[in-house]
Amino acid sequence: MSERPFYNRGMSRKVVLGFGISLDGYIARRNGNLDFLVIDKEGESVMADFLSKIDTTIMGRKTAAGWVKMRESGEIPETPGMANYVVSRRWKPGKREGFEVVSGSLTAFVRKLKRRRGKDIYLGGGGE
């Protein structure tokens, strides 16, 4: 059995949806802390494998702020060569902390990205 090709040739890129949410509709503690989310060696391996299959991330403003903190602390690796987008009504469009902020229709933006050649796209967020 062969591995999936590095790039999706002739087919639309997949969008992998990942949301962190608990049964009560949130992911963080009341104070916003995520200290209960501990990533062990196995989790790091799973994350590295996942990141090797995507080349684009799309997330909301609050998730992006958390991503920056986790990247700075070393909880998640730097992702050189990855296109990272934030969809936000509050932040102005443009470059910001390793992301490109975009506004407007998420559906239209995802459709545009899917037409481009590349690996899969990760669309993620939190509990709001």
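Note: the structure precedes this text.
Quick caveat, the model's predicted, so the values are computed rather than measured.

## Observations concerning the nonpolar core
Thought 1: Counting 13 residues, the largest nonpolar core has Ile54, Met59, Ala64, Trp67, Val86, Trp91 and Phe99 as the members making the most contacts within it.
Thought 2: Secondary-structure elements contributing two or more residues to this core are strand E2 (54–60), helix H2 (61–73) and strand E5 (99–102).
Thought 3: Per element, the largest residue contribution to this core is three residues, and it comes from H2.
Thought 4: In contact with Ala64, other than residues within four places in its own chain, are Met59, Val86, Trp91 and Phe99.
Thought 5: In terms of nonpolar packing, the next biggest core, distinct from the first, is built from eight residues, Val102, Phe109, Val110 and Leu113 among them.

## Focus: the sheet that holds strand E6 (residues 120–125)
Thought 1: The six strands are arranged E1-E6-E2-E3-E5-E4 in an open sheet whose pairing can be described as mixed. On the outer flanks of this sheet lie strand E1 (15–19) and strand E4 (94–96), each paired with one strand and no other. Across this sheet, the average inter-strand angle for adjacent strands is 25 degrees, counted without regard to direction.
Thought 2: Bridging between E4 and E5 involves three bridges; their strand directions are antiparallel. Bridging across to E5, Lys95 finds its partner in Glu100.

Cut-offs used in this document
- Residues numbered from 1 in each chain as written.
- Predicted model: local features only at pLDDT ≥ 70, side-chain atom pairs only at ≥ 80, totals over all residues.
- Heavy atoms only, no water.
- Core = buried A, V, L, I, M, F, W, Y, C linked by side-chain atoms within 4.5 Å.
- Buried < 20%, exposed > 50% of the residue type's maximum accessible area, 1.4 Å probe, protein only.
- Helix = DSSP H or I, 4+ residues; strand = E, 2+ residues; numbered from the N terminus.
- Contact = heavy atoms within 4.5 Å.
- Pairing = 2+ DSSP bridges.
- Axes fitted to C-alpha atoms, helices over the stretch in contact; angles between N-to-C directions.

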